[in-house]
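One-letter residues, chain by chain:
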Amino acid sequence: MDVLGVDACGKQGWVGIRLTDGAYAGSLVDLRLERLIGRAAEADAVAVDMPLGLVEKGWRAADLAARALLGPRRSSVFLVAPRTAWQEQDHRAAADRCQELTGSRLSRQAWALRPKLLEARECWIADGRIHEAHPEVSFRALAGGVPLPHSKKTWRGQNLRRSLLAEVGVVLPDELGEADRVPADDVLDAAVTAWSAHRIALGTAARVPEEPETDAEGRVVEIRC
């Protein structure tokens, strides 16, 4: 069974970690998500760390539920604006639309994700293998339902995450190939989303929330772990 976990990694585009039967099988880096996924055409499931399903009004139930689960790591989940806010062409207009539909304005940090969010949504709509994941939600599941105490940016946090992955057979080598030039936290995020992709392929992955909402076209809006 082959799966792929993907994380956005700034100017480098996207980083992917491949697993075969739950074990590390290589890394991929590409500026375009569609190309990266195409290079793993045999994957049974693909998990991407990016909001995919968008609602018409209010905040997504998936984000509110994920924040409640994560406790001290709750700030790692940003609230995703409704669909029409992302259709605006500048931050001011998007923030105004978000205020209208949620009662709060869209942050500049969230708006900066717009190009990759729209790119990922396009892939998601076209490819039924693609699912939304969130690394901290996945690491919480990996740790037995306990949010991790240290940030992924810290030495202890990164070592803990690598150890947790190794305990379930996802052993990241010292030399990753294509991902050698990618920041360590992005590699770890891609690896744990790959772990979630493996659970999705097996049919054992959890859903956040347990009873997800749907978008205007009937697609499920959820985070898988």
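Residues numbered from 1 in each chain as written. Predicted model: local features only at pLDDT ≥ 70, side-chain atom pairs only at ≥ 80, totals over all residues. Heavy atoms only, no water.

Trainee: Hey, could you run me through the overall build of the chain in this one?
Mentor: Summing up its helical and strand segments, the chain has nine helices and seven strands in all. The C-alpha atoms of the chain give a radius of gyration of 17 Å, which matches the 17 Å a tight globule of 225 residues would have. Within the span of the chain, comprising 225 residues, buried residues form 52% of the whole. The long-range share in the chain, meaning contacts at least 24 apart out of those at least 6 apart in sequence, stands at 63%. Within the structure as shown, the chain displays about 10300 Å² of accessible surface, and the carbon and sulfur contribution to it stands at 49%. Within the chain, one finds 30 positive and 33 negative side-chain charges whose respective centroids are separated by 5 Å. (Helix = DSSP H or I, 4+ residues; strand = E, 2+ residues; numbered from the N terminus. Rg over C-alpha atoms; globule rule 2.2 N^0.38 Å. Buried < 20%, exposed > 50% of the residue type's maximum accessible area, 1.4 Å probe, protein only. Contact = heavy atoms within 4.5 Å. Areas by Shrake-Rupley, 256 points an atom, 1.4 Å probe, with all protein chains shown as cover. Lys, Arg positive; Asp, Glu negative; His and termini not counted. Charge placed at Lys NZ, Arg CZ, Asp CG, Glu CD.)

Trainee: What should I look at first to understand the layout of surface pockets in this one?
Mentor: Roughly 1000 Å³ of internal volume is contained in the largest pocket. Together, 41 residues line the largest pocket, and Ser76, Phe78, Gln109, Leu113 and Lys152 are the ones closest to its centre. Elements with a contribution of two residues or more to the lining of the largest pocket: strand S1 (2–8), helix H5 (108–111), helix H6 (114–126), helix H7 (135–142) and helix H9 (184–202). The greatest single-element share of the lining of the largest pocket, amounting to three residues, is contributed by H9. Here the residues of the lining of the largest pocket are counted per class, giving 18 nonpolar, eight polar and 15 charged. (1 Å grid on protein atoms, 1.4 Å probe; cavity = no way out; pocket = protein on both sides within 12 Å on 5 of 7 lines; lining within 4 Å. Points joined across faces, edges and corners; volume = space filled by probe spheres on them. Nonpolar A, V, L, I, M, F, W, Y, C, P; charged D, E, K, R; others polar.)

Trainee: Can you walk me through helix H4 (residues 91–102) in this structure?
Mentor: In an α-helix, one turn spans 3.6 residues; hence positions three or four apart end up facing the same way. Between its first and last C-alpha atoms H4 spans 16 Å; for 12 residues at 1.5 Å apiece the expected length is 16 Å, and the two agree. Among the residues of H4, His91, Ala94, Ala95, Cys98, Leu101 and Thr102 are the ones counted as buried. The arc enclosing the buried residues of H4, seen along the axis, measures out at 130°, which places them on a common side. Opposite the buried face of H4, by more than 90 degrees, sit the exposed residues Arg92 and Glu100. Contact partners of the buried residues in H4: helix H3 (83–86) and H5. N-cap assignment for H4: the residue whose side-chain oxygen lies 3.2 Å from the backbone N of Arg92 is Asp90. Gly103 sits one or two residues past H4 and shows a positive phi near 90°. (Expected span 1.5 Å × (residues − 1). Arc of directions from axis to C-beta. Polar contact = N/O pair within 3.5 Å; in protein donor to acceptor, adjacent residues only side chain to side chain.)

Nothing here speaks to function; it is all geometry.
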